[in-house]
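For reference, the chains in residue letters:
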Amino acid sequence: MAKGATSLIDQKQVQVSFGDVIANSGSLVSTEISQVPLAGVLELIRLAREHGIPSIVDLDISPEVAVKEALLGTEAEFIEVCRMADVLKPARHAAEGALRLITPHRSLDLIKSMSTMELSTVLQRECNSKLIAMTDGLSPSCFVTDKLAVSVSPVQLDRVVDATGAGDAFLGGLIASMHSLGGVPATEKDLQRCGKVANRLGGACCQVLGAVPTAESREHVKDILPTETQSEDVVEDESAVEHYKAIHTSLMCDTITLSNLHDSSGSALLYERISHVCDTLINCTGNRMVSGVGKSGLIARRLAGTLSSIGVPCEFVHATEFHHGDLGNRRCC
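The rules behind these values
Residues numbered from 1 in each chain as written. Predicted model: local features only at pLDDT ≥ 70, side-chain atom pairs only at ≥ 80, totals over all residues. Heavy atoms only, no water. Helix = DSSP H or I, 4+ residues; strand = E, 2+ residues; numbered from the N terminus. Expected span 1.5 Å × (residues − 1). Buried < 20%, exposed > 50% of the residue type's maximum accessible area, 1.4 Å probe, protein only. Contact = heavy atoms within 4.5 Å. Pairing = 2+ DSSP bridges. Phe/Tyr/Trp six-rings, centres within 6.5 Å; stacked < 30°, edge-to-face > 60°. pLDDT = per-residue confidence, 0-100. Core = buried A, V, L, I, M, F, W, Y, C linked by side-chain atoms within 4.5 Å.

1. Considering helix α7 (residues 116-127)
Piece 1. With 12 residues, α7 should cover 16 Å at 1.5 Å per step; its first-to-last C-alpha distance of 16 Å lies within 8% of that length.
Piece 2. All buried positions along α7 are accounted for by T116, L119, S120, V122, L123, Q124 and C127.
Piece 3. Of the surrounding elements, those touching the buried residues of α7 are α4 (75-84), β3 (87-90), α5 (92-102), α6 (108-113), β4 (131-136) and β5 (139-144).
Piece 4. N128, located one to two residues past α7, shows a positive phi value of around 55 degrees.

2. What about the pairing of strand β6 (residues 149-152)?
Piece 1. Side chains V150 and V152 project from β6 onto a buried face, and the interleaved A149 and S151 project onto a face without burial.
Piece 2. Pairing of β5 with β6, which is carried by 4 bridges, proceeds in the antiparallel orientation. Looking across to β6, one finds that F143 is bridged to V150.
Piece 3. The antiparallel hairpin formed by β5 and β6 contains 4 residues in its connecting segment.

3. Side note on the packing of aromatic side chains
Piece 1. Scanning all chains against the criterion turns up 1 aromatic pair.
Piece 2. Summarising the aromatic geometry, the rings of F143 and F170 are spaced 6.0 Å apart at their centres and angled 20 degrees between planes, so their arrangement reads as stacked. One end of the pair, F143, is in strand β5; the other, F170, is in helix α8 (residues 166-181), with 27 residues separating them in the sequence.

4. Concerning the confidence of the model for the protein chain
Piece 1. Averaged over all residues, the pLDDT of the protein chain is 84; the fraction at 70 or higher stands at 88%.
Piece 2. Mean pLDDT in the protein chain bottoms out at helix α10 (residues 215-221), which sits at 72, and peaks at α7, which reaches 97.
Piece 3. Contacts from residues 228-235, a stretch scored under 50 in pLDDT, to residues over four places away or in other chains number 5 contacts.

5. Remarks on the side chain of S120
Piece 1. By the secondary structure assignment, S120 is in helix α7.
Piece 2. Look at S120 and you get buried, because its relative accessible area is 0%.
Piece 3. Contact partners of S120, with chain neighbours within four places excluded, come to I132, M134, C142 and V144.

6. Comments concerning the nonpolar core
Piece 1. Core analysis: the biggest nonpolar cluster contains 33 residues, and I33, F78, L88 and L123 have the highest contact counts within it.
Piece 2. Every element with two or more residues in this core is listed here: α2 (38-50), β2 (55-59), α4, α5, α7 and β4.
Piece 3. Among the elements that make up this core, the one with the highest residue count is α5 (6 residues).
Piece 4. Leave out the neighbours within four places in its chain, and L123 touches L88, P90, A95, L99, I102, I132 and M134.
Piece 5. Counting residues in each nonpolar core, the second largest holds 15 residues, with V87, L131, C194 and A198 among its members.

Here it is, written out as structure tokens:
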């Protein structure tokens, strides 16, 4: 929510950037209450309605954060977004704040006491949404229309590597399901399927690093994805997968090494060595220099730059240059 490019996507920018696409080739519009100004979100939904295209709003933050902290717009605009969107996908904490704003006669304590299903049902009725898809952490997700209501249990994960992007992956599953159905699910079976796909994709995202799909993560969802999305024309780039695995392995080795270093940071020997190096560098009255050849030379050059930038003058000398007279210019500490 820091000021940046997203803060510039106002009503006019939406018209310029997305107007033609929505009018000529749009089939579904997805936006969010998170970083984009509410005026821009409203214009996107208005354009979708004008051309008969369903709109989905990912409700990531509460009105208090959106209006008072992120300064995305007014409370009136927040309410209008919730009521204009065809589909709302709120996290529970955001839904509580939204319902409190929309129905001020309800106390926050009363709203917090509601079950996730009850909260979803009331929010659907107050906003007249075609679908509410509410997530609640590790608790079951709830999917509510004006006629249907289902609760879908979360995926049981054997491990959680990184939860980054899980909510977006959940939304992606919901969008993929709606696209394959041609709109909002009309039967309980289809609504359950939408929920299972969304939950499965959100869970698969938690099992990889940095929300980057892998062959393994695809296996977690292959059996439940809508048939249309399983195109035989999509060829797995095996070399890309192997490259990713190699990088991932390297990062894991670095992580383990740093973890071991952290675990041993309390040892007397390591403390003594670190203290000796720091004292030597700080108290040196002669030339501080580092040297190396090859990769160690690159590391030494970087070290010299880092030390100099924090007020500890240091320079790099290539080891080969010591044989050509440069060592004679150096004085010991």
